[in-house]
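Close look at the chain arrangement
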Amino acid sequence: MKPVKNEAIPSFSDTDLELYFFTEVLKLGSLHYGCWSDGDDLTLDKLRKAQARYTDTLLALIPAERMSILDVGAGVGDVAEAMFARGHSVTALSPDKNHAKYYQNSQVIFCNVAFEAFESTEMFDLILMSESHNYFDTEIGFQQCRRLLKPGGYLLISGKFKKQPTRLYHRVVTIEADYIRRAREHGFELLQQIDITQDVLPTLQLARQFVDDYLVPTMGLVDVYLRSAAPWKARLMKAVGKLLLAKQVRQLNPMLGSLQEHVDVDRFQEHLTYQRLLFVYAPYSLSRSMQVRP
Ligand SMILES: C[S@@+](CC[C@H](N)C(=O)[O-])C[C@H]1O[C@@H](n2cnc3c(N)ncnc32)[C@H](O)[C@@H]1O
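This one's a predicted model, so the numbers in the text were calculated from it and none came from an experiment. (Residues numbered from 1 in each chain as written. Predicted model: local features only at pLDDT ≥ 70, side-chain atom pairs only at ≥ 80, totals over all residues. Heavy atoms only, no water.)

**Topic: empty space enclosed by the protein**
What the rule picks out here adds up to one cavity of 30 Å³ or more. Empty space within the largest cavity amounts to approximately 30 Å³. Forming the boundary of the largest cavity are Met129, His133, Phe136, Thr138, Gly141, Phe142 and Tyr179. Sort the elements by how many residues they give to the lining of the largest cavity and helix H4 (residues 138-148) lands first, with three residues. (1 Å grid on protein atoms, 1.4 Å probe; cavity = no way out; pocket = protein on both sides within 12 Å on 5 of 7 lines; lining within 4 Å. Points joined across faces, edges and corners; volume = space filled by probe spheres on them. Helix = DSSP H or I, 4+ residues; strand = E, 2+ residues; numbered from the N terminus.)

**Some words on the pattern of salt bridges**
Applying the stated criterion across every chain yields a total of nine salt bridges. Put simply, Arg86 and Asp56 hold a salt bridge, and the shortest N to O gap is 3.7 Å. Here Asp56 lies in helix H2 (residues 44-59) and Arg86 lies in the loop between helix H3 (78-85) and strand S4 (89-93), a separation of 30 residues in the sequence. The class for Arg86 is partly exposed, based on a relative accessible area of 47%. Between Asp178 and Arg182 there is a salt bridge whose closest N-O contact spans 3.4 Å. Of the two residues, Asp178 and Arg182 are both situated in helix H5 (residues 176-185); the distance of four residues between them amounts to about one turn of the helix. Using a relative accessible area of 24% as the deciding quantity, one classes Asp178 as partly exposed. We classify Arg182 as partly exposed; its relative accessible area is 21%. Counted as one network, the salt bridges with shared partners bring together Glu139, Asp178, Arg181, Arg182 and Glu185. (Salt bridge = Lys/Arg side-chain N within 4 Å of Asp/Glu carboxyl O. Buried < 20%, exposed > 50% of the residue type's maximum accessible area, 1.4 Å probe, protein only.)

**Section: the nonpolar core**
By size, the foremost hydrophobic cluster in this structure holds 34 residues, and its most contacted members are Met83, Leu126 and Leu156. With residues near it in sequence (within four places) discarded, Leu156 still touches Leu58, Leu61, Ile62, Leu126, Ile127, Leu128, Met129, Leu277 and Leu278. The next biggest cluster of nonpolar side chains, apart from the first, holds 23 residues, and it includes Leu70, Met129, Ile180 and Tyr281. (Core = buried A, V, L, I, M, F, W, Y, C linked by side-chain atoms within 4.5 Å. Contact = heavy atoms within 4.5 Å.)

**Re the sheet that holds strand S9 (residues 272-281)**
What the seven strands build is an open sheet, ordered S5-S4-S3-S6-S7-S9-S8; its pairing is mixed. A strand with exactly one partner marks an edge of an open sheet, and here the two such strands are strand S5 (109-111) and strand S8 (188-195). Strand-to-strand, the axes of this sheet are offset by a mean angle of 20°, without reference to chain direction. Pairing analysis gives three bridges linking S4 to S5, with the strands arranged parallel. (Pairing = 2+ DSSP bridges. Axes fitted to C-alpha atoms, helices over the stretch in contact; angles between N-to-C directions.)

**Describing the site of the ligand**
Residues in close proximity to the ligand total 19 residues, the closest being Gly73, Gly75, Phe115, Glu116 and Ser130. One of the backbone nitrogen or oxygen atoms of Gly75 is found 3.0 Å away from an oxygen atom of the ligand. Phe115 is positioned with one of its backbone polar atoms (N or O) 2.9 Å from a nitrogen atom of the ligand. The protein chains hide 95% of the 590 Å² of surface that the ligand would expose on its own. Across the shell around the ligand, the residue classes break down as nine nonpolar, seven polar and three charged. (Near = heavy atom within 4 Å. Polar contact = N/O pair within 3.5 Å; in protein donor to acceptor, adjacent residues only side chain to side chain. Areas by Shrake-Rupley, 256 points an atom, 1.4 Å probe, with all protein chains shown as cover. Nonpolar A, V, L, I, M, F, W, Y, C, P; charged D, E, K, R; others polar.)

**Some remarks on the environment of Ala114**
Its location among the elements puts Ala114 in the loop between S5 and strand S6 (124-130). When the C-alpha positions of Ala114 and Phe136 are compared, they lie 8.5 Å apart, and in sequence the two are 22 residues distant.

**Some remarks on the packing of H4 against H5**
Direction vectors running N to C along H4 and H5 enclose 35°, while the axes themselves pass 11 Å from each other. In the packing of H4 onto H5, the handedness of the crossing is right-handed. Along its contact with H4, which presents Thr138, Glu139 and Phe142, the element H5 presents Tyr179, Arg182 and Ala183. Its residues assigned to classes, the contact of H4 with H5 shows three nonpolar, one polar and two charged. (Left-handed = near helix turned anticlockwise from the far one by under 90°.)

**Remarks on the environment of Cys111**
Relative to the elements of secondary structure, Cys111 occurs in strand S5. With 16 residues separating them along the chain, Cys111 and Pro95 place their C-alpha atoms 7.9 Å apart. The contacts of Cys111, once residues within four sequence positions are left out, are Thr91, Ala92, Leu93, Ser94 and Phe118.

**A word on the packing of aromatic side chains**
By the definition in use, this model includes 10 aromatic pairs. Pairing Tyr33 with Phe268 gives two aromatic rings, centres 6.4 Å apart and planes at 45°, and the pair type is tilted. Highlighted residues: Tyr33 in the loop between helix H1 (17-25) and H2 and Phe268 in helix H9 (residues 265-271), separated in sequence by 235 residues. Of the two residues, Tyr33 and Phe268, neither departs from the other in class, the shared state being buried. Site record: aromatic cluster; members linked through ring pairs are Phe142, Phe161, Tyr179, Phe188, Phe279 and Tyr281. Over the aromatic face of Tyr54 sits the side chain of Arg276, whose NZ or CZ is 4.4 Å from the ring centroid. (Phe/Tyr/Trp six-rings, centres within 6.5 Å; stacked < 30°, edge-to-face > 60°. Lys NZ or Arg CZ within 6 Å of the ring centre and 35° of its normal.)

Have a look at this one:
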């Protein structure tokens, strides 16, 4: 099956630049929002602790017996490693070329591939999508889960949903109620739902602080330096850059735009929720027409 390219996500040779920023610039060992405790200061150190708490509370939703788990959109592998450490056998996948190196000395099996294109003869007990279910077409995602999950297996989602349809937040492609309804149509019964919106919001506040305190002044500094050190060269670079890097310059705007969108706490709360959904795959409850495996 051909991967569906999400045009909203700027990439450079199959590397997601936003994710690259988190791992290579901020040096975070996790790519998810984290779960903050009341009263935590807004620091990178506290973000790391919140991310560890996110992983712990997520894993607490996984049944204790040893399971074969497929971690879809596994990022740099911290959640996959934590599941492996608890005795589960774990296959992780991510299409990002920058992620393969994180699994080099790992006992987690890593596949550098998009979920839509993933093929396996193995059937899994649980499929996890931690902040990855918005990266691919929802329908194809459910079809893949039906193909890859054992009957009675689990689907665990943790991530953002729209409350209602809106043109804002184009990278969040799922609407909560619609997603749960479509899951049911595919034979996934909702066992547990936890709203953790309030626990993830401080990450946005921290990001906002980072943008205001560092990113904006740094971009200003570079601009001032170029214009004062070599004014005519700066103008020439701008003109030539516009011609030669037209596509890349166009891509900067959606990236900065989506960054600004994501760091606005009020806007986030108005349009989005952050949910954890645990489903059990019960194909026997499907109507006959839906029972044929895709
Ligand atoms: C925000 S990160 C989440 C990483 C990790 N699950 C976590 O909770 O920290 C999103 C992940 O989804 C991956 N991804 C992007 N497109 C995908 C696709 N089509 N199929 C599977 N994963 C995808 C990204 O490469 C990245 O690994």
